[in-house]
Amino acid sequence: MNSDIPPPSHRANRFYQGMAATFVANALQAVNFLGDRFLRKSHHSLSAIEDLYRYSMDSAFSVSEAFLVTGAPHASAYYPRDFAWFYPDVLDPNTIMDSQDAVRRVGLLEKSVRLLLEAVRANVVTTTLVPAGRGRYLGVNYFSRPSDTLLGILAGLQQMISAEERTSSYLAMSQCAHAGRLLLAEYGEDLKRAILQLASELEPFNDDGTGYLLCDVHAPRSAATDTRAERRRFVTNASVYTTFVWGVELGIVNENELKRLLGRDLAQYKNDLLRLFGKDGHIRHSLDGPASSPVSSVALDFVSVHRGFWDMNDATERALFAATADLIIAEPRFRIPSTFHFLVSADNPRNKIIHKIAAPAYQGRSSWPTFNVEFADRMLDFDEASGGDTYRACAQGILKDIRTATEVHGGYQELISEHGLKYRTWAYKGAVAHSWFPRFLSVWRRAYGTPLLQWND
């Protein structure tokens, strides 16, 4: 097969927002969920991890796809944040099966990032883009304004630009890096405008006489765990900080421009967040609502994103991470019995009516394998920074149990129930998250020192 990346489509895309667009988007998404509920076919009978992975990659990076999607019931909608949370290793050469696989991944990643950048240029920065046919996309927020949409777009760009830095024999990787640099040059000013707007939207928050800046003082903003619908959340504010840092690293915005808007440099901004959310000696999930027991005030999503908030360079930061991780590890309510599958939280969060019908435990008493993989990776970050092996065995246990669940359930699950089964509600039959699989392989190699799967191409 020709290893050149297919040329991008120059079809004009149009983006819409507003009440009418939201109504149509909700209707389309309802159809997506109903279609999944009644039409989803049973997965084939593969059980070997190698066969499951090959099938998953052929599905996730099909040339017929217009955008990188998850395989979930809502997969026909596009989630910009997913590039930060769920797709950071799409181009890890150790997860690529052959040159054809590399070409498909690079082509789909380039199409995906370009589409999101076009939306930013059109000033449509939302949690979700719902295709409405013929190059038309509806921008809609589920269930609040985004905190990490720009983060996801920057993550996609980062992955493209850094592709040629990875040791690889695939020509598509260097072509991808070149395409990423062209996209950054073409859309850099649009991204700068959006990042500075995000900085200007931060709100003052006073705690015990000390002033802070948060993105969600008066109303929730969504991250990858948006359905919790809470204000003053650690993960949403950590995502905003990471957006600023990545914007500076990519040369999109100057830190002094951000400093003028924030009234502090980025290092101080991060220290403020650690001091505010870590004042109890661990990272509290949310400041919204009354104080609760330590294990009820933390959530697994504190691990944030790959190369994100946690860099583990500071001893105080490592201590906060360790204290929070230890609370989760030690609390039985956080774990599927007899496994290293950790649930999102010890208690169910508040739910809106739609969640009670469609996904009642989506962000509470359920396990996201992807968040577990990131938990394992942050543990390895901690061990590397501290020069010890405090968490390696736990990280390996997490990955081993995810492998077992993948083989038992016939694919890499998006969610696993608190009883270790496929996550099923009336409107959510249990998705196979094909495109999240490479990240698992990348962290497995880091944890064990050897790859789980190998190819000869």
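In short, a report on the structure. Note that the coordinates shown come from a computational prediction; the quantities given were computed from them, not determined experimentally.

Let us look at the packing of aromatic side chains. Summed over all chains, the structure comprises 33 aromatic pairs. Both rings, one in Tyr53 and one in Phe437, keep their centres 4.9 Å apart while their planes meet at 80 degrees; by these two values the pair is edge-to-face. Here Tyr53 is found in helix 2 (residues 49-60), whereas its partner Phe437 is found in helix 14 (residues 437-448), with 384 residues between them in sequence. Judged by relative accessible area, Tyr53 falls into the buried class, the value being 0%. Summarising the aromatic geometry, the rings of Phe342 and Phe375 are spaced 5.5 Å apart at their centres and angled 85 degrees between planes, so their arrangement reads as edge-to-face. You can see Phe342 sitting in the loop between helix 10 (315-330) and helix 11 (353-358) and its partner Phe375 sitting in helix 12 (residues 369-386), a full 33 residues away along the chain. This pair shows no difference in class: Phe342 is buried, exactly as Phe375 is. The cationic tip of Lys270 hangs over the ring face of Phe309; the distance from NZ or CZ to the ring centre is 5.0 Å. The positively charged end of Arg335 is found above the aromatic ring belonging to Phe340, 5.0 Å away from the centroid.

Turning our eyes to something else, we now look at a nonpolar patch on the surface. The grouping of Leu34, Phe38, Leu39 and Trp426 at the surface amounts to a nonpolar patch, some 470 Å² of accessible area in total. Along the chain, the position of Leu39 falls in helix 1 (residues 19-39).

Here Asp148 is to be found in the loop between strand 4 (145-146) and helix 5 (149-161). Looking at Asp148, the relative accessible area reads 1%, which means it is buried. Excluding anything up to four places from it in sequence, Asp148 contacts Arg81, Trp85, Ser222, Ala223, Ala224 and Ser239.

Contact pair helix 4 (residues 99-121) / helix 5: the axes reach a minimum separation of 10 Å and the direction vectors enclose 140 degrees. Classified by the angle between their axes, helix 4 and helix 5 sit oblique to one another. With respect to the hand of their crossing, helix 4 and helix 5 are arranged in left-handed fashion. When helix 4 is examined against helix 5, the residues Leu109, Glu110, Val113, Leu116, Leu117 and Val120 are found in contact with a partner set consisting of Leu150, Ile153, Gly156, Leu157, Gln159 and Met160. Tallied by class, the residues present in the contact of helix 4 with helix 5 amount to nine nonpolar, two polar and one charged.

Rules used throughout
Residues numbered from 1 in each chain as written. Predicted model: local features only at pLDDT ≥ 70, side-chain atom pairs only at ≥ 80, totals over all residues. Heavy atoms only, no water. Phe/Tyr/Trp six-rings, centres within 6.5 Å; stacked < 30°, edge-to-face > 60°. Helix = DSSP H or I, 4+ residues; strand = E, 2+ residues; numbered from the N terminus. Buried < 20%, exposed > 50% of the residue type's maximum accessible area, 1.4 Å probe, protein only. Lys NZ or Arg CZ within 6 Å of the ring centre and 35° of its normal. Patch = residues over 30% accessible without salt bridge, like charges linked within 9 Å, V, L, I, M, F, W, Y side chains within 5 Å. Areas by Shrake-Rupley, 256 points an atom, 1.4 Å probe, with all protein chains shown as cover. Salt bridge = Lys/Arg side-chain N within 4 Å of Asp/Glu carboxyl O. Contact = heavy atoms within 4.5 Å. Axes fitted to C-alpha atoms, helices over the stretch in contact; angles between N-to-C directions. Parallel < 35°, antiparallel > 145°, perpendicular 65-115°, else oblique. Left-handed = near helix turned anticlockwise from the far one by under 90°. Nonpolar A, V, L, I, M, F, W, Y, C, P; charged D, E, K, R; others polar.

Interpretation in functional terms is not warranted from these geometric data alone.
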